[in-house]
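# Examination of the molecular architecture
Chain residues, written in single-letter form:
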Amino acid sequence: MSHSTTRQNDRVPANEILGTPHAPSNGKPSFPFLDLKAQYAPIKDEIMAALARVMESQQLILGPDVQAFEEEVATYVGTRSAVGCASGSDALLLALLAAGIGPGDEVITTPFTFVATAGSVARVGAKPVFVDIQPETFNIDPGLAARAVSNRTRAIIPVHLFGLAADLDPILKTAEDYKLAVIEDAAQAIGARYNGISVGSQGTFGCFSFFPSKNLGGAGDGGLVTTNDPLLAERLRILRVHGSQRKYYYESLGTNSRLDTLQAAVLRVKLAHLDEWTRARQQNSERYRALFTEHGLESYLKLPSTPANCFHVFNQFVIRCSERDRLKEFLRQQGMPSEIYYPMPLHLQPAFAYLGYQAGQLPHAEAASREVLALPVYPELKREHQLALVRAIAKFYGTGN
Ligand SMILES: *Cc1c(COP(=O)(O)O)cnc(C)c1O
């Protein structure tokens with residue numbers, strides 16, 4: 001999601017700020033929004049050994065590491081198959097192609113997401129149909145999705161945004177009623193659960209991203225599609241190698257979208273740590289909740305809500321308030337990192353203007369774009385940093401001590 005990991009370069013060593021957590025820093029963040037170096041340091045030897053193993057083998061395309069990683073993710077998510085590919089965006093694209101979706105088809109999805117969710121639909125020549133979100137979860141409203149079904153609809157793409165599962169049961173029901181594919185965009189939600197079941201395992205496809213800022217991030221781009229249908233898995237495997245089943249013979253056209261072997265080797269190391277990182281993200285979220293309460297901020301801000309049947313993996317910790325822009329600027333001046341996901345819903349983006357949506361048409365998504373603010377929640381985040389951030393917010397609202 002945040003395609004902004006370079007922001008880390010701005011970081012100041014933590015020891016320079018821990019003593020003076022609310023010293024204004026002229027807008028320079030006192031600690032990073034995401035600290036990938038802190039994640040890397042304790043697993044450096046494991047990563048280097050995995051990379052060396054692949055380099056020594058010189059098996060650089062697909063091969064045993066990709067296959068092993070696919071099997072490990074299939075087990076982790078609970079699907080029959082998993083097919084690695086070059087990115088989360090390509091995972092969506094390959095899923096749409098494997099489902100045979102193209103020109104003349106409609107695909108229902110949410111406008112409050114990363115561009116690739118709907119961009120992939122447009123890329124295969126189909127038409128994205130946006131329906132509004134539920135304001136409490138930021139995820140697609142299943143009732144509105146059901147009402148948007150037309151005789152051209154071929155699929156629904158629910159996004160498990162910020163690490164929280166979309167309300168899948170009614171979506172799966174609609175899909176069954178109208179014979180639609182469900183392509184779960186689980187790019188931000190590996191390990192998240194709905195009714196105790198992993199996201200990416202109940203739809204026709206689950207699409208995952210290993211972009212470095214995701215909960216399971218590679219050393220660059222990577223993606224994967226899960227499915228329980230062996231025929232679809234086979235189609236995905238053919239599509240990612242130009243549509244060829246037999247080398248240099250093509251029954252259909254695909255693309256070049258494989259998961260790099262080096263990425264698979266890195267991801268195998270990291271997958272073994274994912275549950276522990278998820279717990280740390282959840283603990284950080286709980287700590288924010290307690291700190292916001294301690295600082296008398298509950299009535300000023302809306303904290304993320306987790307429906308009882310969901311296991312939230314907090315790719316992002318997103319709060320809401322009506323004075324979001326002023327708060328973000330104040331935090332920036334205080335040297336406190338925050339980010340906006342997403343400042344403009346997709347139905348109002350110039351790239352989708354041809355679809356003809358107007359401002360005001362999807363009010364919950366539009367309000368979310370004006371009000372959301374993501375705070376750092378990465379596993380290695382320190383309590384001191386969270387306290388400094390919450391204190392800065394308390395200062396903004398005048399509830400501070
Ligand atoms: C990150 C992301 C993608 C795309 O993944 P890439 O690996 O960056 O191509 C798609 N959908 C959502 C919701 C994402 O957050």
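None of these values were measured; they are calculated from a predicted model. (Residues numbered from 1 in each chain as written. Predicted model: local features only at pLDDT ≥ 70, side-chain atom pairs only at ≥ 80, totals over all residues. Heavy atoms only, no water.)

## What to know about the pattern of salt bridges
So the rule is basically this: For this document, the term salt bridge refers to a Lys or Arg side-chain nitrogen within 4 Å of an Asp or Glu carboxyl oxygen. In this description a helix means any DSSP run of H or I spanning at least four residues, a strand means any run of E spanning at least two, and both kinds are numbered starting from the N terminus. Relative accessible area decides the class of each residue, using a 1.4 Å probe on protein chains only: under 20% of the type maximum gives buried, over 50% gives exposed, and in between gives partly exposed.
Taken as a whole and assessed by the stated rule, the structure comprises 11 salt bridges. The salt bridge partner of Glu70 is Arg237, with a shortest N-O separation of 3.1 Å. Placement of the pair is Glu70 in helix α3 (residues 64-77) and Arg237 in helix α8 (residues 230-239), with a sequence separation of 167 residues. Look at Glu70 and you get buried, because its relative accessible area is 5%.

## Some details on a nonpolar patch on the surface
This is how it is decided: Each patch is assembled from residues with relative accessible area greater than 30% and no salt bridge, linking like charges that lie within 9 Å and nonpolar side chains (Val, Leu, Ile, Met, Phe, Trp, Tyr) that lie within 5 Å. Note on areas: Shrake-Rupley with a 1.4 Å probe; residue coverage comes only from the protein chains shown.
Together, Met55, Leu60, Ile61 and Leu262 line one region of the surface with nonpolar side chains, adding up to about 320 Å² of accessible area. With respect to the helices and strands, the residue Leu262 is situated in helix α9 (residues 261-271). Given a relative accessible area of 31%, Leu262 falls into the partly exposed group.

## Here we look at the domain arrangement of the protein
The condition is simple: For every domain, the bounds stem from an assignment made automatically or drawn from a database. Contacts are residue-level and defined by heavy atoms, with any inter-residue pair within 4.5 Å sufficient. Buried area is understood as the total, over both parts, of accessible area removed when two parts are fitted together, assessed with a 1.4 Å probe. Whenever a nitrogen or oxygen atom comes within 3.5 Å of another N or O atom, the pair is scored as a polar contact, on the condition that within protein one atom can donate a hydrogen and the other can accept it, and that pairs from neighbouring residues in sequence are kept only if both atoms are in side chains. Residue classes follow a fixed rule: Ala, Val, Leu, Ile, Met, Phe, Trp, Tyr, Cys and Pro count as nonpolar, while Asp, Glu, Lys and Arg count as charged, and any other residue, Gly among them, counts as polar.
Domain annotation of the protein identifies domain 1 (42-271) and domain 2 (273-397). Taken together, the contact pairs 43 residues of domain 1 with 34 residues of domain 2. Approximately 3400 Å² of surface area, both sides summed, lies buried where domain 1 meets domain 2, with 62% of it carried by carbon and sulfur atoms. For the domain 1 face of the interface with domain 2, the top three residues by lost area are Phe130, Phe162 and Asn215, together amounting to 21%. At the junction of domain 1 with domain 2, the criterion picks out zero salt bridges. On the surface where domain 1 and domain 2 come into contact, there are 22 residue pairs in polar contact (both at pLDDT 80 or more). Of all elements in the fold, only α5 (116-123), β3 (127-130), β6 (193-194) and α9 reach the threshold of two or more residues within the side of domain 1 that touches domain 2. A per-element tally of the side of domain 1 that touches domain 2 places β3 first, with four residues. Of the residues belonging to the side of domain 1 that touches domain 2, the class tally is 26 nonpolar, 10 polar and seven charged.

## Re the sheet that holds strand β7 (residues 197-198)
Rule in force here: For two strands to be treated as a pair, DSSP must find at least two bridges joining them.
Judged by pairing direction, the sheet is antiparallel, and its three strands sit side by side in the order β7-β6-β12 without closing on themselves. For this open sheet the edge positions go to β7 and β12 (310-311), each flanked by a neighbour on one side alone.

## Details of the site of the ligand
Spelled out, the test is: Proximity is defined per residue: if any heavy atom of the residue lies within 4 Å of a molecule or strand, that residue is considered near it.
The local shell around the ligand holds 18 residues, among which Gly88, Ser89, Gln188, Ser209 and Lys214 are the closest. For the ligand, an oxygen atom lies 2.5 Å from a polar atom in the side chain of Ser89. Separating an oxygen atom of the ligand from a side-chain N or O atom of Ser209 is a distance of 2.6 Å. Contact with the protein chains covers 98% of the free accessible surface of the ligand, which is 370 Å². When contributions to the shell around the ligand are tallied by element, the ones reaching two or more residues are α4 (88-98) and α5.

## Some words on the sheet that holds strand β2 (residues 106-109)
The pairing of strands in a sheet happens through backbone hydrogen bonds and is either parallel or antiparallel. The line we're drawing: Between N-to-C directions, angles span 0 to 180 degrees; the directions come from axes that are lines fitted to C-alpha atoms, helices contributing only their stretch in contact.
The mixed open sheet is built from seven strands, whose spatial order is β1-β9-β8-β5-β4-β2-β3. Each having just a single partner strand, β1 (81-85) and β3 make up the two edges of the open sheet. Between one strand axis and the next, the sheet turns by 25 degrees as a mean value, whatever way the strands run. One ladder, built from four bridges, connects strand β8 (residues 205-209) with strand β9 (residues 223-227); its direction is antiparallel. Looking at the pairing, Ser209 lines up with Gly223 of β9. Its contacts with the sheet put α3 on β1, β8 and β9, and the angle it makes with β1 is roughly 130 degrees. Along the sheet, α8 contacts β1, β8 and β9; its crossing angle with β1, the most-contacted strand, is approximately 15 degrees.

## Structural notes on the packing of aromatic side chains
Here is the rule we go by: Two rings from Phe, Tyr or Trp (for Trp, the six-membered ring) form a pair when their centres are within 6.5 Å of each other. A pair whose planes differ by under 30 degrees is stacked, one over 60 is edge-to-face, and the rest are tilted.
Scanning all chains against the criterion turns up 15 aromatic pairs. Ring plane angle 80 degrees and centroid distance 5.5 Å describe the contact between Phe138 and Phe162, whose orientation is recorded as edge-to-face. With Phe138 in the loop between β3 and α6 (142-147) and Phe162 in the loop between β4 (153-157) and α7 (168-178), this pair connects stretches of sequence that are 24 residues apart. Given a relative accessible area of 7%, Phe138 falls into the buried group. Judged by centre distance (4.9 Å) and plane angle (90 degrees), the ring pair of Phe396 and Tyr397 falls under edge-to-face. Residue Phe396 shares its accessibility class with Tyr397, and that shared class is buried.

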